[in-house]
Amino acid sequence: MMEIAAVPFSSCSKEAQRNYQDWFNFADSDGDGRLTGNDAIKFFAMSNLPKQDLKQIWAIADSKRQGFLGIQEFIVAMQLVSLAQAGQVVTHDLLNADLDWENLKPPLMEGLGEKLAKKKAKSKSVESDLNGSKKLQPVKASHWLTSSKTSKQDSASSVTSITDGLKRLYIQKLKPLEATYLFSDFVSPLLTNSDFDAKPMVMLLGQYSTGKTTFIKHMLNTSYPGAHIGPEPTTDRFVVVMSGPDERSIPGNTIAVQADMPFSGLTAFGSAFLSKFECSQMPHPLLEHVTFVDTPGVLSGEKQRTQRSYDFTGVTSWFAAKCDLILLLFDPHKLDISDEFKRVISSLRGHDDKIRIVLNKADQIDTQQLMRVYGALMWSLGKVLNTPEVTRVYIGSFNDKPLSEGATGPMGMELFEKEQEDLLSDLKDIPKKACDRRINEFVKRARAAKIHAHIIGHLKKEMPAMIGKAKTQQRLVDNLEDEFAKVQRDSHLPAGDFPNVDHFREVLKGYNIDRFEKLKPKMVQAVDEMLGYDIPELLKNFRNPYG
């Protein structure tokens with residue numbers, strides 16, 4: 001089973017946990033359960049450790065780069081402070097070191113005991129005042145009926161994480177632009193809170209029987225509800241494997257309407273898709289960090305196009321935008337990339353940095369055949385992935401059976417083990433990079449929304465005031481490439497950020513351009529300000545407080 005290095009919270013004694021909880025409550029000045037930079041600097045200063053050590057301790061404790069410490073991360077930080085005070089060199093490997101975490105003494109924090117006692121005495125006196133004869137004075141309305149400007153400043157200061165900041169920026173600056181110019185109809189549904197709070201996702205794609213479901217079982221070291229494995233196309237639906245209190249399968253229609261799940265956007269694909277979508281929940285330590293998306297095998301020939309009752313490529317594209325990593329699985333006997341699989345891979349355009357290729361079941365052939373298969377795979381991929389860079393291909397056999405040394409030989413065994421380690425290392429990095437990925441996707445979305453607004457505004461401007469509207473609309477739809485070029489030239493926008501012309505034309509046919517909104521420069525300016533000032537400022541506020 002793959003294990004993501006977690007903080008040694010469970011190894012901490014109950015008494016130490018109670019102590020650390022008191023310390024955390026004291027350090028967390030606004031009581032929101034998140035210890036941010038300024039509070040941390042004041043509290044950690046009591047350890048008398050050099051700044052360089054504290055910088056490293058924060059970096060390890062806040063491994064997900066959220067910009068704050070929760071109670072669990074705070075305990076790790078305190079344990080690392082204790083080790084640093086004892087003369088240990090603070091590194092990431094310390095968390096996996098064979099140490100007696102259970103009996104590790106809390107760190108020495110100068111003056112903390114007196115401050116805690118003072119706080120306790122103060123809270124007791126407040127309690128006695130409340131229980132005594134003194135009456136509480138009514139709060140004057142003027143204290144809370146503040147001007148909108150003040151409340152805006154208050155709300156800005158109340159952001160306690162990068163994710164919270166992105167949510168607020170989205171609602172205040174990006175969502176109005178998306179709603180005005182129908183971004184959700186053309187590109188991607190509007191975001192909800194659950195989209196920002198979702199765990200990182202890994203999607204597995206491939207032709208049938210390349211080992212997608214087996215790969216997930218291998219990662220979890222157990223089966224999951226609804227898993228079917230066989231040489232024929234067994235997985236006939238999209239299955240999201242995620243953490244939950246008990247083992248159960250939830251139907252797609254139910255999961256798509258749950259506000260705390262990031263799948264509401266899938267309702268756009270209709271009931272035909274939702275009946276082929278389910279969520280498989282189970283308690284598992286790995287699923288607390290990562291969610292897996294198992295997909296139906298891509299079929300060949302007409303079966304893929306005519307026998308799917310929903311837009312398979314569209315659904316794949318939707319998941320690709322949400323996922324942190326996309327694994328394309330091949331096996332040595334299925335190297336041919338069919339037209340359907342080619343279309344699916346093409347739908348991943350713009351997400352090239354997330355794609356990893358896995359040549360699975362590689363122990364079924366000998367070393368010489370493996371060299372030929374690898375060459376053939378790279379040749380096939382070169383015709384589909386139109387990138388000048390060489391895609392990383394992981395070779396191995398990702399299942400629970402022991403590797404077949406008879407076929408691979410000792411050299412092959414060593415290769416497979418190293419490749420497996422590399423892939424697992426890539427997967428382990430996902431939670432650490434999740435926050436960076438979220439910012440990256442948010443910025444990408446903001447740029448796409450801005451260009452979309454320019455396109456819609458331009459098309460509206462081209463429409464006549466009175467006569468010949470239908471003719472003009474038809475001309476604009478037919479010559480969409482030229483209109484895109486005009487928008488790009490007039491507004492100095494990067495050509496690579498423009499949407500796919502054919503897809504845009506297809507959606508545009510269902511709309512009356514005359515009813516579109518004119519371009520509102522203030523809305524676009526708000527998004528520019530967000531990209532140029534607000535997001536860099538947000539990241540600056542939640543970086544490592546020690547530089």
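Residues numbered from 1 in each chain as written. Predicted model: local features only at pLDDT ≥ 70, side-chain atom pairs only at ≥ 80, totals over all residues. Heavy atoms only, no water.

(A) Highlighting the overall build of the protein. Within the protein, the secondary structure is distributed over 23 helices and eight strands. When burial is assessed residue by residue, the protein has 46% of its 547 residues classed as buried. Of the contacts formed within the protein by residues at least 6 apart in sequence, a portion of 79% connects residues at least 24 apart. For the protein, the accessible surface area stands at approximately 28300 Å², while carbon and sulfur atoms represent 51% of it. (Helix = DSSP H or I, 4+ residues; strand = E, 2+ residues; numbered from the N terminus. Buried < 20%, exposed > 50% of the residue type's maximum accessible area, 1.4 Å probe, protein only. Contact = heavy atoms within 4.5 Å. Areas by Shrake-Rupley, 256 points an atom, 1.4 Å probe, with all protein chains shown as cover.)

(B) Summary view of the sheet that holds strand S1 (residues 201-206). Here we have eight strands laid out as an open sheet, ordered S3-S4-S2-S5-S1-S6-S7-S8, and mixed in their pairing. Looking along the sheet, the strands with just one partner apiece sit at the ends: strand S3 (248-251) and strand S8 (393-395). On average, each strand axis in the sheet is tilted by 25° relative to the strand beside it, whichever way the strands run. By the bridge criterion, four bridges tie S3 to strand S4 (residues 277-282) in an arrangement that is antiparallel. Looking at S4, one finds that serine 249 is bridged to serine 280. Relative to strand S5 (residues 291-294), helix H11 (residues 212-220) is tilted by about 160°, and along the sheet it contacts S1, strand S2 (238-243), S4, S5 and strand S6 (325-330). (Pairing = 2+ DSSP bridges. Axes fitted to C-alpha atoms, helices over the stretch in contact; angles between N-to-C directions.)

(C) Highlighting the pairing of strand S7 (residues 355-359). Counting buried residues along S7, five of its five residues qualify, which places the element largely inside the surrounding structure. Side chains Ile355, Ile357 and Leu359 of S7 all project onto a buried face; the interleaved residues Arg356 and Val358 project onto the opposite face, where all are buried too. With five bridges joining them, S6 and S7 adopt parallel strand pairing. When the sheet's bridge partners are listed, leucine 328 is paired in S7 with isoleucine 357. Where S7 lies against S8, three bridges are found, and the strand directions are parallel. Paired with valine 358 across the two strands is tyrosine 394, which belongs to S8.

(D) Examining the packing of helix H3 (residues 51-61) against helix H4 (residues 71-85) more closely. In the contact formed by H3 and H4, the axes pass within 9 Å of each other and the chain directions differ by 145°. Where H3 crosses over H4, the handedness of that crossing is right-handed. Contacts between H3 and H4 involve Asp53, Ile57, Ile60 and Ala61 from the former and Glu73, Ala77, Leu80, Val81 and Ala84 from the latter. Class assignment of the residues belonging to the contact of H3 with H4 gives a composition of seven nonpolar, no polar and two charged. (Left-handed = near helix turned anticlockwise from the far one by under 90°. Nonpolar A, V, L, I, M, F, W, Y, C, P; charged D, E, K, R; others polar.)

(E) Spotlight on the packing of helix H21 (residues 480-491) against helix H22 (residues 501-508). Two numbers describe how H21 lies on H22: the axes approach to 10 Å, and their chain directions differ by 110°. The orientation of H21 with respect to H22, classified from their angle, is roughly perpendicular. Packed against H21, whose contacting residues are Leu480, Glu481 and Phe484, the element H22 presents Val501, Phe504, Arg505 and Leu508 at the interface. Residue composition of the contact of H21 with H22, by class: five nonpolar, no polar and two charged. (Parallel < 35°, antiparallel > 145°, perpendicular 65-115°, else oblique.)

(F) Molecular detail of unusual backbone geometry. You will see that leucine 182, though not glycine, has its phi angle at about 55°, which is positive. Structurally, leucine 182 can be placed in the loop between helix H8 (162-180) and helix H9 (183-186). In this structure, histidine 492 is a non-glycine residue whose phi angle is positive, near 55°. Summarising the element assignment, histidine 492 is placed in the loop between H21 and H22. Accessibility expressed as a relative area gives 70% for histidine 492, which makes it exposed.

(G) Broad picture of the nonpolar core. Phe263, Phe277, Phe319 and Leu328 are the most contacted members of the largest nonpolar core, which totals 48 residues. Leave out the neighbours within four places in its chain, and phenylalanine 263 touches Met201, Val240, Met242, Ile255, Ala256, Phe277, Trp318 and Phe319. Listed in part, the 43 residues of the second largest apolar core include Leu169, Cys435, Ala446 and Leu459. (Core = buried A, V, L, I, M, F, W, Y, C linked by side-chain atoms within 4.5 Å.)

(H) Broad picture of helix H20 (residues 469-478). Where H20 is concerned, the buried positions are Thr472, Gln473, Leu476 and Val477. Taken around the axis of H20, the buried residues stretch over an arc of 135°, which confines them to a single face. Along H20, the residues that are exposed and aim more than 90 degrees away from the buried face are Ala470 and Lys471. Buried positions along H20 lie against helix H19 (430-462), H21 and H22. (Arc of directions from axis to C-beta.)

(I) Layout of H8. Helix length check: H8, at 19 residues, gives a terminal C-alpha distance of 26 Å against a target of 27 Å (1.5 Å per residue), a fit within 8%. The sharpest bend along H8 reaches about 50° and sits at leucine 174, with the proline proline 176 one to four residues further on. Those residues of H8 not exposed but buried are Ile162, Thr163, Gly165, Leu166, Lys167, Leu169, Tyr170, Lys173, Leu174, Leu177, Glu178 and Thr180. Buried-residue contacts for H8 involve H9, helix H10 (193-197), H19 and helix H23 (521-541). Where H8 terminates, the next one or two residues include leucine 182, which has phi positive at roughly 55°. (Expected span 1.5 Å × (residues − 1). Bend = angle between axes of the 7 residues up to and from the residue.)

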